[in-house]
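Topology and contacts: notes
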Amino acid sequence: MKRIFASLVVFALILGASAAYAVQPDEVMADPAKELRARDLSRELRCMVCQNQSIDDSEAPLARDLRLLVRERITAGDSDSQVMDFLVARYGEFVLLKPRLELRTLLLWLLTPLLLIGGGFALWRHNRRRAVGETSDDGTPLTLTAEEEARLERLLASEGGAEKP
Amino acid sequence: MIAEAGHYALVLALALALIQSTVPIVGARLRDPALMNVARSTALAQLLFVGLSFVALVTLHVTSDFSVANVFENSHSMKPLLYKITGVWGNHEGSMLLWVSILALFGGLVAAFGNNLPLSLRAHVLAVQGWIAAAFYLFILITSNPFLRIANPPIEGRDLNPVLQDIGLAVHPPMLYLGYVGFSISFSFAVAALIEGRIDAAWARWVRPWTLVAWIFLTLGIAMGSYWAYYELGWGGWWFWDPVENASLMPWLAGTALLHSAVVMEKRNALKVWTILLAILTFSLSLLGTFLVRSGVLTSVHAFATDPTRGVFILLILCLFIGGSLTLYMWRASALKQGGLFAPISREGALVLNNLFLTTACATVFIGTLYPLALEVLTGDKISVGAPFFNLTFGPLFVPLLLAVPFGPLLAWKRGDLAGVAQRLMAAGIAALVAIAMVWAWTSGGAALAPLAIGLAVFVIAGAVVDLVERTSLFRSPFATAMRRARGLPRSTWGTAFAHAGVGVALIGIVCETTWNSEYIGTMKPNDVARLAGYQLKLDDITQRQGPNFREMLAQFTVSRDGDKISVMTPSKRSFTTRGSSTTEAALLSRGASQLYISLGDTAADGGIAVRIYHKPLVLLIWFGPVLMAFGGLLSLSDRRLRVGAPKPAKIASKPPRALQPAE
């Protein structure tokens, strides 16, 4: 069901207009290495009239224009980052499927590592705190008192001693 | 008449839900069994009336009653019967009716089979179900009534979106909803436990089967949706990190974490507070998914702002339930006693680690999905968050998680022996290293990451096998003894092994498909031959055909390898006259777990046709993995310990020590 409405939107936009599809035979570049670069870049660029599709996947006419533009820039000798900069300058950062790390995307990028570190730290602290002076369901302390520890030591020592001979 | 009856049945269901949501709670306060038992009868009656309402809508669709707006907008008299039925949930109103029907189904199941639950717990659980149901009945009746009539009925309907006329979509939404809505039971149990202020290991034992059922359906539903996208959308992608997909992935991740933490709670009486929180979060994410998809907020923030009735209504439901349950949680959770202690290196510790990574993964999907929306609402800036972002943030989380998977089941409860387990996993480690070396040699040092990822997958699969071998002491005792032990193992142990192996299998498929996928793009004329991955594909001819409600252009390809004919593939393009739209029907040919995939593009002026052919190595494993996981879930579900009320298994005289371990 979830997919249905995505496709409803996407297809209303695409199939209604033309029934072309992603990378057309006439777009493919002669040099396979350059074509590979173009394809890799295409996967990082958004088709702006589609819902969350890269221009590599999209059938929209705009995606085709962008694919041709990427290939044009590559032919002109641009490096990958120059191509990206060119597209961002022309269409804004909306075109990037992987937002750049800047102030407004800080939380987006940092949440995952922060949660992992924070979660790990919380678990470590929780574990330490619980090891000290908490009680179980029936109210008995879960850690031993110093006196009990000493007794345990003695018992273990005597047991170890008994085994040795 | 039928439409009015369906409408009326829905109103009655609302009335019943309102009774169900109040009377049993009062009963529990007054300790009055009669009042508490009202929950049971209302839940069953509710199921009956929603069922009637749903049947009414199906009947309207099947008989093509175009005087009903919903049928007119989504059906066509020439549409095949199957799609007339599935078209019922191929639209907003109908799918919401399916949603509440499944909710009522789960409520009815708890009412019918919850006889061994304490009376007050059952009353509370069903009352919470009643609140959810009442909210969504109101939503349907006020904003999304599927039974509205049209004053001047048209003769013909507008037809269902052709992309949706597909068998995969006949089954996908109900599966997904069984998963989504199934988590409402875990939610209701959690809220009931908070209201009662009492929670114990038995609670976890009651909740686990329901969570497991929901999880199995959600797993299969997501896999099926992914496969549908793969063959129907025509460009061979199987996961797009689309918000609509993420909406289903989030409850899955949280639900998977919940399944694992509920194990700890059941066996060791620990992690109670956390399990309750996860149960609340999992269903909250299901509700969030419903909001994201149903409100239209994903299409555009502006579209949402111009017609906000539905969106605002669901948003209210969302705030009410998530906010309410979390407030209750904050208020009452401290009253719940903590349970058994455990060392960091232990089965519990491994399951906690699992929870840490799964919830972080879930949070990553959450922020990636909602950040662009939030940023646009707050600042007006538009950014895109797509596959490259998730590959970079979500993907790496699974490396440590999957590395830890084989360790978990082998570690002892309370305090485990990591070195000992590592020793027992030696065989799995060697298998992984061999796999890495082989893949690396075979692909002659191409991509460096892919062989490592395959090694990881092999480690997970081999780890699952090692777990079974260890528990049956296969190589250390006579074969017959091992077989007897294998039969004596709890089903849930087998379930764990299958589910974990399924993760590894899916990973192999994902890595192979993304790394070694090859494609041919070109314009072909009859008798042209395309060569790809050792196959020759000859275009024989292009023909036209008339289908029931579409016209179709078929291209026939003969597939051969080394001169031997293997098969014939016929991709097609369909144009649907009513909607003036078309679909690409890709042709798929499975060779083992690999597939050849052809989809057609436009015809050129000179009679050629644009063709796109893929060879996708081991691609079927991507979906076979989840099937294995679901099968593992099913095995666990059949474990007698989970069937509450089932008699305890007779004790076997000579118990093998390892098989005695509670196994998860």
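Read on for a plain summary of the structure. (Residues numbered from 1 in each chain as written. Chains lettered and ligands numbered in written order. Predicted model: local features only at pLDDT ≥ 70, side-chain atom pairs only at ≥ 80, totals over all residues. Heavy atoms only, no water.)

Right, let's get into the nonpolar core. Counting 152 residues, the largest nonpolar core has B:W99, B:Y137, B:F189, B:W203, B:L253, B:I276 and B:L292 as the members making the most contacts within it. With sequence-adjacent residues up to four places away left out, B:L253 is seen in contact with B:L358, B:A361, B:C362, B:V365, B:F394 and B:F398. (Core = buried A, V, L, I, M, F, W, Y, C linked by side-chain atoms within 4.5 Å. Buried < 20%, exposed > 50% of the residue type's maximum accessible area, 1.4 Å probe, protein only. Contact = heavy atoms within 4.5 Å.)

Residues and elements named next belong to chain B. An order of 1-10-9-8 is seen for the 4 strands of this open sheet, with the pairing classed as antiparallel. If you trace the sheet from one side to the other, it starts and ends with strand 1 (518-524) and strand 8 (587-591), each paired once. In this sheet, neighbouring strand axes are inclined to one another by 15° on average, regardless of whether the strands run parallel or antiparallel. Bridge analysis of strand 1 against strand 10 (residues 609-616) gives 7 bridges, and the strand direction is antiparallel. Bridge pairing in strand 10 links T523 to A610. (Pairing = 2+ DSSP bridges. Helix = DSSP H or I, 4+ residues; strand = E, 2+ residues; numbered from the N terminus. Axes fitted to C-alpha atoms, helices over the stretch in contact; angles between N-to-C directions.)

A cluster of nonpolar side chains, A:L101, A:L103, A:L106, A:L110 and A:L114, forms an exposed patch at the surface whose accessible area comes to about 520 Å². By secondary structure assignment, the location of A:L103 is in the loop between helix 4 (80-91) and helix 5 (106-131). (Patch = residues over 30% accessible without salt bridge, like charges linked within 9 Å, V, L, I, M, F, W, Y side chains within 5 Å. Areas by Shrake-Rupley, 256 points an atom, 1.4 Å probe, with all protein chains shown as cover. Salt bridge = Lys/Arg side-chain N within 4 Å of Asp/Glu carboxyl O.)

Let us now look at the packing of helix 5 (residues 92-113) of chain B against helix 7 (residues 167-196) of chain B. Residue and element names in this part refer to chain B. Direction vectors running N to C along helix 5 and helix 7 enclose 50°, while the axes themselves pass 9 Å from each other. Here helix 5 is positioned oblique relative to helix 7, judged by the angle of their axes. In the crossing of helix 5 with helix 7, the sense of the turn from one axis to the other is right-handed. Residue-level inspection shows S95, L98, W99, I102, L103, L105, F106, G107 and V110 of helix 5 in contact with helix 7, the latter providing P173, P174, Y177, L178, Y180, V181, G182, S184 and I185. (Parallel < 35°, antiparallel > 145°, perpendicular 65-115°, else oblique. Left-handed = near helix turned anticlockwise from the far one by under 90°.)

According to the stated counting rule, one finds 29 salt bridges over all chains in the structure shown. Between A:D78 and A:R73 there is a salt bridge, with the nearest N and O atoms lying 3.0 Å from each other. Given a relative accessible area of 11%, A:D78 falls into the buried group. What you see here is one network of salt bridges that share partners, running through A:R39, A:D40, A:R43, A:D56 and B:E519.

Looking now at the pairing of strand 2 (residues 529-532) of chain B. The alternating pattern of strand 2 of chain B places B:A530 and B:L532 on a buried face, while none of B:V529 and B:R531, on the opposite face, is buried. In textbook terms, the turn of a hairpin is the stretch between consecutive antiparallel strands, and for strand 2 of chain B and strand 3 (residues 535-546) of chain B this stretch comprises 2 residues, one of which, B:A533, has a positive phi near 50°.

Facing the 51 residues of chain A at the interface are 75 residues of chain B. For the chain A and chain B pair, buried surface summed over both sides reaches about 5,600 Å², with 63% attributable to carbon and sulfur atoms. Our enumeration of links across chain A and chain B arrives at 2 salt bridges. A salt bridge links B:E519 to A:R39, with the nearest nitrogen and oxygen atoms 2.2 Å apart. Taken together, the links from chain A to chain B amount to 7 residue pairs in polar contact (both at pLDDT 80 or more). Those elements that provide at least two residues to the side of chain A that touches chain B are helix 1 (2-14) and helix 5 of chain A. At 13 residues, the largest contribution of residues to the side of chain A that touches chain B is made by helix 5 of chain A. Split by residue class, the side of chain A that touches chain B holds 27 nonpolar, 10 polar and 14 charged. (Buried area = accessible area lost by both parts, 1.4 Å probe. Polar contact = N/O pair within 3.5 Å; in protein donor to acceptor, adjacent residues only side chain to side chain. Nonpolar A, V, L, I, M, F, W, Y, C, P; charged D, E, K, R; others polar.)

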